[in-house]
Amino acid sequence: MPRWLPRAMVLALALYACFMLGSWAFDQLIGLLTNVLIAFFLALAIEPAVSRMAAYGMRRGLATFFVFLGLMIFGIGFVVLLGSMLAGQIVDMVDEFPKYIDSVINWVNQTFRTELSRVEVQDSLLHSDWLQKYVQNSATGVLDVSTTVLGGLFRLLTIFLFSFYFAADGPRLRRALCSVLPPARQTEVLRAWEIAVDKTGGYIYSRGLMALISGVAHYILLMILEVPYAPALAVWVGLVSQFIPTIGTYLAGALPMLLAFTVDPWYALWVLGFVVIYQQFENYVLQPKLTAKTVDIHPAVAFGSVIAGTALLGAVGALVAIPAVATLQAFLGAYVKRYDVTDDPRVHGGSSRRPGRPLSARLRRLVTGPPAADAGDGERPQGGASRR
């Protein structure tokens, strides 16, 4: 046996053990790493506001506290307003629910010529097996729901804590990071940090603009349908659909549909159809154009980055994909060597071949035959041959 073989086997086993240990640690810490990533981009988003307040002489930690306090007051006020509105509408809907059932049953009887009654429908629903199983599963799932809510609150607190430290100690963090790098690398890191702040701010601006457009569009629809609390519902749809990725659209559209149902059950279908159509318009027309202007990336790149981010990190990846890709593209653009483009028609979508005869001229040639000049040219060789 060669002397190096035992050492190689031990080294291979050690590398494999380190790889397995690293994979296990990464799986255990993926939640924390995701929270840190969200907190970092949140700190980049509020960096301009904090820096502006610090420029006027306010301590950076106090400026960060005021920014977070404003965000918290706005969020709590919005949730309380919608909660009180939703509670009142749910009470009204429960009181009017028998009337809704009667109207639906009457429509079914008139359309399909049946003889259903509300009492029979209620008895069949109350004594159905699926309802009893649903109640049992709901009772056993209360603990799971409580655990999920507590976990979400703890995760939210973790994100806010990390983002507060990132924003308040931004200059100190940059100095600590640059202290372990050579001067040339320090310039690149600071430039990348500045680009990330600009791109994240542009992304937040684009999402806010799309939230405004979405809120106005849904407000017009709700006002036409005379749905109560139309302004609050419009704000709800605009914010939730834009700042909660993947499932935000469905959460945003569920509440207007519920309140539209209290006015007229058919209005809920109108709201559902409008939400679906507007979502397609936003995904394929509005969002790519706004993202291309504010974040300065191609619409196809923005769309692909969202899909890739969702595949990698789920909802979090969809939220941070566009600013991350925009930052990477802007940073790497300075290191790509570019050349002058030649004045070739193919660059502008043309062809390098010389233009041929028009289609009408070619059809006329096929019908009437070649012109006289061409015929003479064709007879010359024969004449020359006969003379010879």
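Residues numbered from 1 in each chain as written. Predicted model: local features only at pLDDT ≥ 70, side-chain atom pairs only at ≥ 80, totals over all residues. Heavy atoms only, no water.

1. Some details on the pattern of salt bridges
Basically, it comes down to this: What makes a salt bridge here is a side-chain nitrogen of Lys or Arg within 4 Å of a carboxyl oxygen of Asp or Glu, nothing more. Numbering goes from the N terminus for both helices and strands, where a helix is a DSSP run of H or I of at least four residues and a strand is a run of E of at least two. Throughout this description, buried means an accessible area under 20% of the type-specific maximum (1.4 Å probe, protein chains only), exposed means over 50%, and partly exposed covers the range between.
This structure, assessed with the given rule, holds 3 salt bridges. The residue Arg60 makes a salt bridge to Glu47 at a minimum N-O spacing of 2.6 Å. In this pair, Arg60 sits in helix α2 (residues 60-112) while Glu47 sits in helix α1 (residues 4-55), placing the two residues 13 residues apart along the sequence. Glu47 shares its class with Arg60; the two are buried.

2. Brief notes about a nonpolar patch on the surface
The test is simple: Here a patch means residues that are over 30% exposed by relative accessible area and free of salt bridges, tied together within 9 Å if like-charged and within 5 Å if nonpolar (Val, Leu, Ile, Met, Phe, Trp, Tyr). To measure how exposed things are, a 1.4 Å probe is used in the Shrake-Rupley method; for residues, cover is taken only from the protein chains shown.
Together, Phe26, Leu29, Ile30, Leu32, Leu33, Leu312 and Leu313 line one region of the surface with nonpolar side chains, adding up to about 640 Å² of accessible area. Those elements giving two or more residues to the nonpolar patch turn out to be α1 and α11 (299-313). At 5 residues, α1 tops the list of elements feeding residues into the nonpolar patch. Its place among the elements puts Leu33 in helix α1. You can call Leu33 partly exposed: its relative accessible area is 42%.

3. What about the nonpolar core?
Let me state the cut-off plainly: Buried Ala, Val, Leu, Ile, Met, Phe, Trp, Tyr and Cys residues that are joined via side-chain atoms within 4.5 Å together make up what is termed a nonpolar core.
By size, the foremost hydrophobic cluster in this structure holds 14 residues, and its most contacted members are Leu82, Leu222, Leu225, Val227, Leu233 and Val271. Put simply, the parts of the chain that give this core at least two residues each are α2, α7 (183-224), α8 (230-243), α9 (248-263) and α10 (265-294). With 12 residues, the next largest nonpolar core counts Val50, Val67, Phe68 and Ala167 among its residues.

4. Side note on the side chain of Asn35
To be explicit about the condition: Here a residue-residue contact requires only that any non-hydrogen atoms of the pair lie within 4.5 Å.
As for its placement among the helices and strands, Asn35 is situated in helix α1. The contacts of Asn35, once residues within four sequence positions are left out, are Arg155, Thr158 and Ile159.

5. A closer look at the packing of aromatic side chains
The test is simple: Pairing of aromatic side chains requires ring centres within 6.5 Å, counting the rings of Phe and Tyr and the six-membered ring of Trp. Pairs whose planes differ by under 30 degrees are stacked, by over 60 edge-to-face, and all others tilted.
Counted by the stated rule, this structure contains 10 aromatic pairs. An angle of 65° between the planes, with centres 6.1 Å apart, marks the rings of Phe164 and Tyr165 as edge-to-face. Classification of Phe164 by relative accessible area gives partly exposed; the value is 25%. Relative to Tyr278, the ring of Phe274 has its centre 6.2 Å away and its plane inclined at 15°; by these criteria the two rings are stacked. Of this pair, Phe274 and Tyr278 both sit in helix α10, 4 residues apart, roughly one helical turn. Taking the relative accessible area as the measure of exposure, Phe274 reaches 25% and is therefore partly exposed. On the basis of relative accessibility, which here comes to 8%, the residue Tyr278 falls in the buried class. An aromatic cluster is present here, built from Phe40, Phe41, Phe162, Phe166 and Trp193 joined pairwise through their rings.

6. Let's talk about the UniProt feature "transmembrane region" (unreviewed entry) in the protein
Counted only if it meets this: UniProt positions are given in the numbering used here, feature names are shortened, and annotations may be inferred rather than shown by experiment.
Mapped onto this numbering, the UniProt entry annotates "transmembrane region" (unreviewed entry) at residues 35-55, 62-87, 149-168, 209-227, 233-253, 265-281 and 301-328. Between the C-alpha atoms that bound residues 35-55 the distance is 29 Å, and the span itself is 100% helix and 0% strand. Measuring from the first to the last C-alpha atom of residues 265-281 gives 25 Å, for a span that is 100% helix and 0% strand.

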